[in-house]
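Structure assessment
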Amino acid sequence: MKMCFNKIYCLFLMVVITTVACDDQSEEKTGRQELIERLQSIKGKGILFGHQDDLAYGINWKYVDGQSDVKRVAGDYPALFGWELGGLERGDACNLDSVPFDVMRSLAIKASQNGGINTFSWHPYSLINGENSWNTDTTVVKYIIPGGEYHNEFIRQLDKLAVFLNSFQMEDGKKMPFIFRPWHEMDGSWFWWGSKHCTSDEFKALFRFTIDYLKNEKGMDQMAIAYSPDCSFNSLNEYLTWYPGDEYVDIVGMDNYYDLRVGGDVDAAIKKLQIVVGYTNQKGKISALTESGIENVADTTWYTQKLGVVLKDSLVAANLSYTMVWRNDPDVHFFFPYPGHPGAVYAKEFLDQDHIWLLNDLVESEK
Ligand code: BMA
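Description of the structure in this document.

Reading the values: the criteria
- Residues numbered from 1 in each chain as written.
- Predicted model: local features only at pLDDT ≥ 70, side-chain atom pairs only at ≥ 80, totals over all residues.
- Heavy atoms only, no water.
- Phe/Tyr/Trp six-rings, centres within 6.5 Å; stacked < 30°, edge-to-face > 60°.
- Helix = DSSP H or I, 4+ residues; strand = E, 2+ residues; numbered from the N terminus.
- Buried < 20%, exposed > 50% of the residue type's maximum accessible area, 1.4 Å probe, protein only.
- Lys NZ or Arg CZ within 6 Å of the ring centre and 35° of its normal.
- Near = heavy atom within 4 Å.
- Polar contact = N/O pair within 3.5 Å; in protein donor to acceptor, adjacent residues only side chain to side chain.
- Areas by Shrake-Rupley, 256 points an atom, 1.4 Å probe, with all protein chains shown as cover.
- Nonpolar A, V, L, I, M, F, W, Y, C, P; charged D, E, K, R; others polar.
- Salt bridge = Lys/Arg side-chain N within 4 Å of Asp/Glu carboxyl O.

**Remarks on the packing of aromatic side chains**
For the coordinates displayed, the defined rule picks out 29 aromatic pairs. Between W134 and F191, the aromatic rings sit 5.4 Å apart at their centres with planes inclined by 65°, giving edge-to-face as the arrangement. With W134 in the loop between β5 (117–121) and α5 (141–144) and F191 in the loop between β6 (178–181) and α7 (200–217), this residue pair connects regions lying 57 residues apart in the sequence. A centroid spacing of 5.7 Å and a plane angle of 55° characterise the contact between W183 and W192, whose relative ring orientation is tilted. W192 matches W183 in its accessibility class, with the two residues each being buried. Taken together, W122, W134, F154, F180, W183, W190, F191, W192, W193, F209 and Y213 form an aromatic cluster joined through their ring pairs. A cation over an aromatic ring shows up here: R90 above the ring of Y125, its NZ or CZ 3.6 Å from the ring centre.

Right, here's the structure in full:
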């Protein structure tokens, strides 16, 4: 009788163990969850350094395999790679900065395959007058949100984004995880989705619809979302004016060129990042200085005396996950120095610090 009971008990245990094991398999993490965990786990250890269009072109080169201005100066690739989607929504083969979308796809996949993280910005053309994101002649947001006259056309634009971003596949067949940072700098007035061209409620409706549609209708569970106003706030309340809600945002950030300009106020930049970081800690989110830089590296010591000082602040250093500088287009402007530029030595000194991470630092930390 006792033997029999023991057998039944063993059988019962095996069933339980098998069920739990099966459950574990079925609860595979999404790309978004994995990415968020990666960004959470580096908190306090390192701040990832990022560069827009890093692998596509730089000073005196274009589409050269393996080339990167950050690598040329600092010896390694950035850990974060920024890309721009503007033009995709109208079916263009190249983005508004002439980067072919096919090339972007293969470079981003390569970056991801090598352990880097990709982030996408989007400066779409207006559906109302066909002009670019900086044209504020006509109202746009009101017409493209749910209930607006151009809402269906807007959905077709999102469809194009989804087809493209869902086509980024890793070697193991999984969709490539990435950060999406739409509708940034909304507290400024230079974009048609900016503060003077829509109400905060309209903006939130735009942000929420964009994310809901891509996630729920297009299955984009590989995407983490960044909220990144510019730096025109001085309190948490002001910072959250355009915030679509915690359920829509994974990364809270700030773009800030202004406070770090020549004659700018580094302390103001630190204070604002502390507001962002404070919110992150309250809500268990990730924080980032989503864009910064000085045009043409006109301030030679910018990397050590401006950005470097901001990222050394103890609260910032203990919490910020990444920062990114803008693109190096020799015909327009550049934000990272090239070998021989007087700012190169300072950029290298900044990047050589233990808490500022390039690609290899990130990869090593995850071994
Ligand atoms: C701006 C400039 C533009 C570019 C746009 C989108 O800051 O660099 O030349 O078209 O970003 O990438």
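**A few points about the site of the ligand**
Near the ligand, the surroundings consist of E84, L96, D97, H123, W134, W326, R327, V332 and H333. D97 places a polar side-chain atom, nitrogen or oxygen, 2.5 Å from an oxygen atom of the ligand. At 3.0 Å, a side-chain N or O of W326 approaches an oxygen atom of the ligand. Within the complex, the protein chains bury 78% of what would otherwise be the 310 Å² of accessible surface of the ligand. A breakdown of the residues in the shell around the ligand according to their chemical character gives 4 nonpolar, 2 polar and 3 charged.

**Observations concerning the pattern of salt bridges**
Here the structure, examined in full by the defined rule, presents 20 salt bridges. The partner of K174 in a salt bridge is E28, and the shortest N-O contact between them spans 3.3 Å. One end of the pair, K174, is in the loop between α6 (151–166) and β6; the other, E28, is in the loop between α1 (2–26) and α2 (31–41), and 146 residues separate them in sequence. Among the ionic contacts, a cluster of salt bridges with common partners joins D97, R327 and D329.

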